[in-house]
Structures are given as structure tokens and as C-alpha cells.
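# Coordinate inspection notes
The chain contents come next:
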Amino acid sequence: MRKPLITGNWKMNKTITESISLIKELVDFVKGYQETEIVICPPYTSLWVTKELIQDTNILLGAQNMYFQDEGAYTGEISASMLQNIGCDYVIVGHSERREYFHESSQEVAWKVRQALSFGIKPIICVGEKLEERESGSAREVVKEEIEAIFEVLKSQDAPGVVFAYEPIWAIGTGKSATSKDANDMIQYIRNLLKEKYSEKIAEQIRILYGGSVKPENIKELMAESDIDGALVGGASLKALAFSQLVKFRE
Ligand code: PGA
């Protein structure tokens with residue numbers, strides 16, 4: 001009932017020239033495949049060319065970030081209406097790299113969620129704990145705080161359209177993925193929070209992804225878990241073949 005979603009987060013990689021060849025390869029590898037929803041999130045500079053190259057394909061477009069204000073004197077920022085105008089279906093918000101290096105608070109992430117939704121862009125909301133938080137036993141508490149900030153802005157009628165991504169920070173880019181059981185446990189915990197806040201029916205509709213060193217070697221095991229609805233993929237999304245293998249995890 002929840003369609004699997006595989007999202008590629010290119011982060012600060014790929015010039016326009018490099019993007020074009022990656023997208024062309026990817027379009028070819030996943031042509032006609034409908035069992036997974038496919039989203040790629042190139043850097044801002046490549047969004048437009050990506051949109052042109054994926055027109056009439058099964059690949060959707062996402063951005064990696066946006067600002068929560070409508071427009072104005074915010075040098076260097078990109079608005080929801082700009083993303084909407086390019087044709088973005090999704091936007092990643094609250095990625096741990098943004099929270100950590102750019103000091104984004106849970107409050108700002110919540111404002112971004114509200115702004116994206118008001119422009120018809122589906123937010124992919126990232127949450128997750130640091131290694132020391134996991135080791136000290138506070139992982140759930142950290143995730144709960146991040147999710148509860150979203151509850152302040154997310155109305156029940158909008159909830160089924162958003163996507164959450166559980167990304168334990170210690171598993172991102174480290175090659176050290178969470179075990180599929182640990183990932184599923186936290187994702188079930190998130191789904192329970194959604195149940196309590198909204199309803200069982202709504203919670204069952206919301207897709208919750210896992211992210212952190214997802215690769216062709218571990219995708220099957222992750223996707224076999226009861227509550228993992230897909231993956232947010234960094235490193236492995238930069239190679240068309242690897243990413244297409246993630247998309248076709250059932251094969
Ligand atoms: P990774 O990144 O797949 O390279 O670990 C995941 C992410 O940060 O979204």
C-alpha cells in the first residue's frame with residue numbers, strides 16, 4: 001500500500017556537465033520501471049537541466065534544501081516558489097548536515113515544512129541521532145524532539161503527503177549502516193508517534209525512509225523490514241548503475 005520511494009541526495013556533487021551524463025545514464029537504466037517511486041535531488045545549479053532531461057520519464061525531481069521565507073533580502077537562499085517554478089515535486093528538509101554545519105534548528109526545519117507544503121512541494125523530513133546519543137541511550141528522545149517540532153506545523157490533512165527519513169548520523173557516509181532491525185525499530189517508533197498525533201490510518205499512509213550508507217548490498221535486507229518504505233541515498237546515488245540497483249531492489 002505504501003509505494004517504495006528511493007531518493008538520491010547528490011549533496012554538493014556534480015557540475016551541470018557531470019549531471020547531464022549521470023541523468024542520461026540513469027534514465028536509461030530505470031526506463032519504464034514503475035514499482036518504485038524514484039526521486040533525484042541534484043544541487044540547485046543542476047535542477048533545471050535535470051527537469052528537462054527527466055521530462056516524460058519515471059523520475060521525479062527534488063531539491064536538497066530551501067528557505068522558509070517567501071522572497072526578499074536573503075542572499076544565497078532559494079525559495080519554495082522558485083523550486084515550484086522549476087518543477088520540484090519534493091524537497092529535503094532538515095538533513096543532518098544542514099542541522100550540524102549550518103545550525104538549522106528544529107524550529108526552522110518546521111517552518112520549511114510549512115512553506116514547502118503551502119507551495120505544493122512534498123517535504124522529505126530528516127531526523128536522526130548522533131553516535132554519542134545512541135550510545136547514551138537518548139536516540140529516541142532526540143528523534144522525538146525533532147518530530148514534535150514538525151507536529152506544530154503539520155496538519156492532519158497534509159500529513160499523508162509528507163515523507164520522513166530516519167538517518168542515524170553515525171551511519172551517513174561512513175559505510176557503517178544501521179542494522180536493518182535497528183532502523184526498523186526506530187521507524188516503528190516514529191510511526192507510533194504519528195499514530196498518537198494523527199490517527200492509525202494516517203500513520204499507515206506516511207512513508208518513512210531509512211538513510212545512511214544504503215547500497216546495493218544492503219537494500220534488500222532493509223526493504224524486507226515491516227516499516228522501512230524506502231531509502232534516502234547519498235554516495236550510492238552518484239553512480240547510475242548502483243542507484244538503479246537500489247531502485248530495482250526487488251529484482
Ligand atoms: P550516504 O548519505 O548514503 O552517503 O550515507 C545518506 C544521506 O546523507 O542522505
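Everything discussed here concerns the structure shown above.
Residues numbered from 1 in each chain as written. Predicted model: local features only at pLDDT ≥ 70, side-chain atom pairs only at ≥ 80, totals over all residues. Heavy atoms only, no water.

### Brief notes about the overall build of the chain
Along the chain, the regular secondary structure elements total eleven helices and eight strands. In terms of its C-alpha atoms, the chain occupies a principal-axis envelope of roughly 45 × 45 × 35 Å. Here the chain holds 251 residues, and 53% of them are scored as buried. Counting only contacts in the chain whose residues sit at least 6 apart along the sequence, the fraction spanning at least 24 positions is 72%. A total accessible area of about 11,600 Å² is found for the chain, and carbon and sulfur atoms account for 49% of it. Looking at charge distribution, the chain has the averaged site of its 29 positive side-chain charges lying 3 Å from that of its 37 negative ones. (Helix = DSSP H or I, 4+ residues; strand = E, 2+ residues; numbered from the N terminus. Buried < 20%, exposed > 50% of the residue type's maximum accessible area, 1.4 Å probe, protein only. Contact = heavy atoms within 4.5 Å. Areas by Shrake-Rupley, 256 points an atom, 1.4 Å probe, with all protein chains shown as cover. Lys, Arg positive; Asp, Glu negative; His and termini not counted. Charge placed at Lys NZ, Arg CZ, Asp CG, Glu CD.)

### Focus on the nonpolar core
Core analysis: the biggest nonpolar cluster contains 69 residues, and Phe-164, Ile-190, Leu-194, Tyr-210 and Phe-243 have the highest contact counts within it. Among the elements that line this core, the one with the most residues is helix H8 (residues 180-197), at seven residues. Apart from the residues lying within four places of it in its own chain, the contact partners of Ile-190 are Val-127, Val-143, Ile-147, Tyr-166 and Ile-208. With eleven residues, the next largest nonpolar core counts Leu-5, Val-39, Cys-41 and Ile-92 among its residues. (Core = buried A, V, L, I, M, F, W, Y, C linked by side-chain atoms within 4.5 Å.)

### Notes on the pairing of strand S6 (residues 163-166)
Side chains Val-163 and Ala-165 project from S6 onto one buried face, and the interleaved Phe-164 and Tyr-166 project onto a second face that is buried too. Note: S6 against strand S7 (residues 207-211), four bridges, orientation parallel. Across the sheet, Ala-165 pairs through a bridge with Leu-209, a residue of S7. (Pairing = 2+ DSSP bridges.)

### Remarks on the environment of Glu-145
Turning to its location among the elements, Glu-145 is positioned in helix H7 (residues 139-151). Sequence-wise, Glu-145 and Val-127 are 18 residues apart; in three dimensions their C-alpha atoms are separated by 9.4 Å.

### Some thoughts on the pattern of salt bridges
Scanning the entire structure with this criterion turns up 15 salt bridges. In this structure, the salt-bridge partner of Asp-185 is Lys-181, at a minimum N-O distance of 2.9 Å. Of this pair, Asp-185 and Lys-181 are both found in helix H8, four residues apart, which corresponds to roughly one turn of the helix. Judged by its relative accessible area of 27%, Asp-185 falls in the partly exposed class. For Lys-181, a relative accessible area of 51% corresponds to the exposed category. Between Asp-227 and Arg-191 there is a salt bridge, with its nearest N and O atoms 2.6 Å apart. Here Arg-191 lies in helix H8 and Asp-227 lies in the loop between helix H10 (219-223) and strand S8 (230-233), a separation of 36 residues in the sequence. Where salt bridges share partners, they join Arg-2, Arg-191, Lys-195, Glu-200, Glu-204, Asp-227 and Asp-229 into one cluster. (Salt bridge = Lys/Arg side-chain N within 4 Å of Asp/Glu carboxyl O.)

### Concerning unusual backbone geometry
Notably, Asp-56 is not glycine yet its phi reads approximately 65°, a positive angle. For Asp-56, a relative accessible area of 82% translates into the label exposed. Although it is not a glycine, His-103 sits at a positive phi angle of roughly 55°. With respect to the element layout, His-103 can be found in the loop between helix H4 (96-101) and helix H5 (106-118). Note on His-103: relative accessible area 65%, which makes it exposed.

### Re the site of the ligand
Around the ligand, a shell composed of 13 residues is seen, among which Lys-11, His-95, Glu-167, Gly-173 and Ser-213 lie nearest. Within the side chain of Glu-167, one N or O atom sits 2.8 Å away from an oxygen atom of the ligand. Relative to its unbound accessible surface of 280 Å², the ligand loses 95% to contact with the protein. A breakdown of the residues in the shell around the ligand according to their chemical character gives four nonpolar, seven polar and two charged. (Near = heavy atom within 4 Å. Polar contact = N/O pair within 3.5 Å; in protein donor to acceptor, adjacent residues only side chain to side chain. Nonpolar A, V, L, I, M, F, W, Y, C, P; charged D, E, K, R; others polar.)

### Re the environment of Thr-179
As for its placement among the helices and strands, Thr-179 is situated in the loop between S6 and H8. Along the sequence, Thr-179 and Glu-132 sit 47 residues apart, while their C-alpha atoms lie 17 Å from each other. For Thr-179, the side chain forms a polar contact with the main-chain nitrogen of Asp-182, separated by 3.0 Å.

### A short note on the side chain of Thr-50
With respect to the element layout, Thr-50 can be found in helix H2 (residues 47-54). Among all residues touching Thr-50, those that are not within four sequence positions of it are Ile-23, Ile-40, Pro-42 and Leu-61.

In short, geometric facts, not functional conclusions.
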